[in-house]
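Chain residues, written in single-letter form:
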Amino acid sequence: MEVIIRPTKRDAIRLAAQLIGKELKSKPHFVLGLATGATMAGVYDELARQHREEHLDFSRCHTFNLDEYVGLPPDSPYSYHAYMHRHLFSRVNLAPANTHLPDGMAADLKAECAHYEQLIRQVGGVDLQLLGLGRDGHIGFNEPLSALRSRTRAKALTPSTLAANAPYFGGDVAKMPRRAITMGVGTILEAHRCLMLVTGDSKAAILARAVEGPITSMVTASALQLHPHCQVVVDEEAAVNLQGQAYYRWIFENEPEWAPYRADAEV
Ligand code: GLP
């Protein structure tokens, strides 16, 4: 695992989007794993800008989202389908047939989850999985005690997750689905590369547990420590509790792979 600390949220978002853009340019048939949430909105703004101004081409790219609420149709404004359409799909040249999210309306959820895994396998697996970090340490909707080898399945959401995501439902927890289909931790760990983006002081404590704490199903993001190619891009606010801050900064300032990005900070 590599942790990269950038001065501001904007810098962290830009770096994450640059890393994705670079991969997409080098492999047009890229399979991109997508995440939702407030943190990701900035990444999608930046990818849309790269498409508009730098002709970043998504035409042969396939996307797979981590999760979707059970019981919300794709045209519900609260669904992750709608989120993705708003923030990315409507703004770049992705072929609609190449964009995938679990179907939260499926009559047979187990079959839908197996089908989703099958689709991922068919395209050769996810090349890069973008991830956010939930307040309770989840990746996707892998809530505490999710098996670290879990596969795509329906999962009950915790009260903490319901509270965190209530603002997207007009602040009304009663309107929220209680379950979601999510890629499993095991599914996520099979991505060839993982990129987790974490910003803001509200994530500082859980980020430290995920990155530097023991690997535990109580904080499913901690399973990323097992991944052979996982980068965690954070801003200063999220980084405050990290014990290895000095070392992480040294890496960004000295490792050759980061040279093209060092000059780019907008501070
Ligand atoms: C939801 C999503 C996660 C995301 C998390 C954090 O729970 N299922 O994939 O990482 O939100 O979102 P935010 O960026 O809004 O804090």
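Now for a quick tour of the structure. (Residues numbered from 1 in each chain as written. Predicted model: local features only at pLDDT ≥ 70, side-chain atom pairs only at ≥ 80, totals over all residues. Heavy atoms only, no water.)

Let us look at the nonpolar core. V43, Y44, L47, L88, M196, L207 and V234 are the most contacted members of the largest nonpolar core, which has 81 residues in total. Sort the elements by how many residues they give to this core and helix 1 (residues 9-26) lands first, with eight residues. When neighbours within four sequence positions are excluded, M196 is seen to be in contact with L131, G132, L133, I139, L207, A221, L224, Q231, V232 and V233. (Core = buried A, V, L, I, M, F, W, Y, C linked by side-chain atoms within 4.5 Å. Buried < 20%, exposed > 50% of the residue type's maximum accessible area, 1.4 Å probe, protein only. Helix = DSSP H or I, 4+ residues; strand = E, 2+ residues; numbered from the N terminus. Contact = heavy atoms within 4.5 Å.)

Here we take up the packing of helix 1 against helix 2 (residues 38-54). Where helix 1 contacts helix 2, the axes come no closer than 9 Å and their chain directions differ by 50°. When the axis of helix 1 is compared with that of helix 2, the two are oblique. Helix-helix and strand crossings are classified by hand; for helix 1 and helix 2 the assignment is right-handed. Together, I13, R14, A16, A17, Q18, I20, G21 and K25 of helix 1 and T39, G42, V43, E46, L47, Q50 and E54 of helix 2 make up the contact between the two elements. (Axes fitted to C-alpha atoms, helices over the stretch in contact; angles between N-to-C directions. Parallel < 35°, antiparallel > 145°, perpendicular 65-115°, else oblique. Left-handed = near helix turned anticlockwise from the far one by under 90°.)

One pass over the structure, following the stated rule, counts eleven aromatic pairs. With a centroid separation of 6.4 Å and an interplanar angle of 75°, the aromatic rings of Y44 and Y83 are classed as edge-to-face. Remark: Y83 occurs in helix 3 (residues 80-89) and Y44 occurs in helix 2; sequence separation between them is 39 residues. Residue Y44 shares its accessibility class with Y83, and that shared class is buried. Their ring planes at 10° and their centres at 6.0 Å tell us that Y80 and F141 sit as a pair that is stacked. Here Y80 is found in helix 3, whereas its partner F141 is found in the loop between strand 6 (128-131) and strand 7 (153-156), with 61 residues between them in sequence. Pair check on accessibility: Y80 and F141 agree, each one buried. Taken together, the aromatic side chains of Y44, Y69, Y78, Y80, Y83, F141 and F169 make up a single cluster linked through ring pairs. (Phe/Tyr/Trp six-rings, centres within 6.5 Å; stacked < 30°, edge-to-face > 60°.)

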